[in-house]
Amino acid sequence: MHALRPLLRKSLFNLFAASLACAALLAPRAASAEALLLIEADSGKVLQADNATIPWYPASVTKIMTAYVTLRAVKDGRLTLDTLLTVSPTAASQSPSKMGFRPGTQLTVDNALKMMMVKSANDMAVVLAEGVGGSIDGFSAMMNDTARKLGMTQTSYVNPNGLPADGQITSARDLGILARSFLRDLPEYEYFVHIPAMRFGKRVTGNFNKLIGRYPGADGFKTGFICASGYNLVASATRNGRRLIAVVLGASSGTARAVKAAQLLERGFGQDNLTWLRPSLGTVDNLVPVDASPPNLRDEMCGGHRKRPASDDDDALIAANGGTTGSASATGGEAQVTFFTAGLQPPLMKASELMASAPAAAEPVLVYTGPTRTGTALIAAVAADADQQAASKPRGKKSRVAKKPDAADKPKDAGKDSKKDTKTAAAKPEAKPAAAKSDGKSDGKSDAKNVAKPAAPKHAAAKHDTAAKPAEKPAASGDPKPAKPKAATKPAAKPANNS
């Protein structure tokens, strides 16, 4: 008996240590305005869940469902990727981010999907919705029916792009279910969720998902932002044949959501040898929904204490603040992640630095208007889109100075596909009076000096642009003098709820 006592003590000690480890894992985490979920794509096994079943505003991650419903229609033969769709006035009127095409413009399902998933174009989401469902309401009904069939019990949709609406609700749990369903049901169309960049005319737009081309193995999905939701991200990555899906809702910036997702994924890939210590959280379908209202983060995200975000694309990279902004808040105190490849462990790397770095070089996918084209016809279509851009958008930084006196045109110029395009486009109507105060680099846009011959081609280009936006024509052709009072409307030019 005495000989057995040391063995008993050791067994009891090991049991006590294991109990402590499990208790630590089971202990509730501090409440925060953030929802996190990490699951295995194949099995649906939950590796981490924090606030995962609290209702949330989805913002542009809504477009994962828009793509799913559209591609199911393609797979079922109800339309093809080459089907031509037409931009309606309703689609053209959507808030940025968007492509900004004029009503009547036609493009294929394939190109509309690429523009929606890479650039998060709200107008393209409506084009697809009207093309597949006949109307926004008709397509929303299809989205809700699909959500019900997939088991997304906390989700409801009222639009296809995620722009602010009280009835547009989901949860991290439901987004995990949706991402798994997309990979399972539409493997032949998976490339739509991990296109690194697209080229439209001469403009190249990178994917808003900062993990693409930066985090090793990243291969999907979609970002989202409105003031009420914060910065959202559904992301996937594959390593050694194992695919994980991370969901981050309510992050403080585009970089913070990417850093948090990278750390969730890294933690998941490193758990293989510790699974016996972790209590089973079941599968994502079995997570119990919470009956509550979605948190509204408007004051936190877009209040007067901080610069109002203007896009799903967060231009304020961490690198601008010495690589420190968001590193602690976004990571819960973890400033570094480790990347394992082929069993080797390189030096630790900061996730914030990784997300602030340039993405790996990749050839952007060509997108264009009009029917499907190949060869010389494709080259001609791309050139035509580039010419249209050149005719409708002035060059140079001068537009930043010129935009202020006539900021009233800025909301109408929201047809441009990003906030940078909006700033440049807004400068166009005001270029006439502003040139008189310029430093001489006005590119000949001034009508105040209408005797100058170089002004003629630029004036023609401006009129071409206003044809694309009829609402701007009075401001573009009217007397320059009334332009200054319009500056009072400038605050409306920065919508706080872009998706």
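Residues numbered from 1 in each chain as written. Predicted model: local features only at pLDDT ≥ 70, side-chain atom pairs only at ≥ 80, totals over all residues. Heavy atoms only, no water.

(A) Layout of the sheet that holds strand β1 (residues 35-40). Reading across from one edge, β2-β1-β9-β8-β7 is the order of the five strands in this open sheet, with antiparallel pairing throughout. One side of each edge strand has no neighbouring strand; the edge strands of this open sheet are β2 (46-50) and β7 (218-226). Averaged over neighbouring strand pairs, the angle between their axes works out to 5 degrees when direction is ignored. Across six bridges, the pairing between β1 and strand β9 (residues 242-251) is antiparallel. From the neighbouring strand, Leu-37 faces β9, where its bridge partner is Val-247. Relative to β9, helix α7 (residues 172-185) is tilted by about 145 degrees, and along the sheet it contacts β1, β7, β8 (230-239) and β9. (Pairing = 2+ DSSP bridges. Helix = DSSP H or I, 4+ residues; strand = E, 2+ residues; numbered from the N terminus. Axes fitted to C-alpha atoms, helices over the stretch in contact; angles between N-to-C directions. Contact = heavy atoms within 4.5 Å.)

(B) Broad picture of the packing of helix α2 (residues 62-75) against α7. For the pair α2 and α7, interaxial distance at closest approach is 11 Å and the crossing angle is 25 degrees. Between α2 and α7, the interaxial angle falls into the category roughly parallel. By crossing handedness, the relation of α2 to α7 is classed as left-handed. Residue-level contacts link Ile-64, Met-65, Ala-67, Tyr-68, Leu-71, Arg-72 and Lys-75 of α2 to Leu-178, Ser-181, Phe-182 and Asp-185 of α7. When the residues that make up the contact of α2 with α7 are grouped by side-chain class, the tally is seven nonpolar, one polar and three charged. (Parallel < 35°, antiparallel > 145°, perpendicular 65-115°, else oblique. Left-handed = near helix turned anticlockwise from the far one by under 90°. Nonpolar A, V, L, I, M, F, W, Y, C, P; charged D, E, K, R; others polar.)

(C) Local environment of the sheet that holds strand β10 (residues 365-367). Taken in spatial order, the three strands make up an open sheet running β6-β5-β10, and their pairing is mixed. For this open sheet the edge positions go to β6 (203-206) and β10, each flanked by a neighbour on one side alone. Sheet twist, expressed as the average angle between the axes of neighbouring strands with direction ignored, equals 30 degrees. Here strand β5 (residues 197-200) runs beside β6; their pairing, made up of four bridges, is antiparallel. Its bridge partner being in β6, Phe-200 is matched across the sheet by Arg-203. Strand contacts of helix α4 (residues 109-119): β5, β6 and β10, with the helix running at about 125 degrees to β5, the strand carrying the most contacts. Against the sheet, helix α11 (residues 375-392) makes contact with β5, β6 and β10, and its axis sits at roughly 70 degrees relative to β10, the strand it touches most.

(D) Expanded view of the pairing of β2. Of all five residues in β2, four are buried; the element is thus mostly enclosed. In this sheet, β2 lies alongside β1 in antiparallel orientation, the contact comprising four bridges. For Leu-38, the partnering residue across the bridge sits in β2 and is Gln-48. Between β1 and the antiparallel strand that follows it, β2, lie five residues; Gly-44 among them carries a positive phi value of about 80 degrees. (Buried < 20%, exposed > 50% of the residue type's maximum accessible area, 1.4 Å probe, protein only.)

(E) Region of the structure containing α11. With 18 residues, α11 ought to run about 26 Å at 1.5 Å a step, and its terminal C-alpha atoms sit 26 Å apart, in line with that. Among the residues of α11, those classed as buried are Leu-378, Ala-381, Val-382, Asp-385, Ala-386, Gln-389 and Ser-392. For α11, the arc enclosing every buried residue in end-on projection is 140 degrees, short of the 170-degree limit, so these residues lie on one face. For α11, exposure combined with an orientation more than 90 degrees from the buried face picks out Thr-376, Ile-379 and Asp-387. (Expected span 1.5 Å × (residues − 1). Arc of directions from axis to C-beta.)

(F) Structural context of the pattern of salt bridges. One pass over the structure, following the stated rule, counts 13 salt bridges. The residue Lys-114 makes a salt bridge to Asp-110 at a minimum N-O spacing of 2.9 Å. Taken together, the residues span about one helical turn, with Lys-114 and Asp-110 both in helix α4 at a distance of four residues. This pair shows no difference in class: Lys-114 is buried, exactly as Asp-110 is. Several salt bridges share partner residues, and in doing so they unite Arg-72, Asp-76 and Arg-78 into one network. (Salt bridge = Lys/Arg side-chain N within 4 Å of Asp/Glu carboxyl O.)

(G) The arrangement of unusual backbone geometry in detail. Omega for the peptide link from Pro-96 to Ser-97 comes to 5 degrees, which places this bond in the cis form. Here Ser-97 is to be found in the loop between α3 (89-92) and β4 (106-108). Backbone torsion omega between Gly-220 and Phe-221 reads 0 degrees, so that peptide bond is classified as cis. Its place among the elements puts Phe-221 in strand β7.

Note that all results are geometric; they support no functional claim without further evidence.
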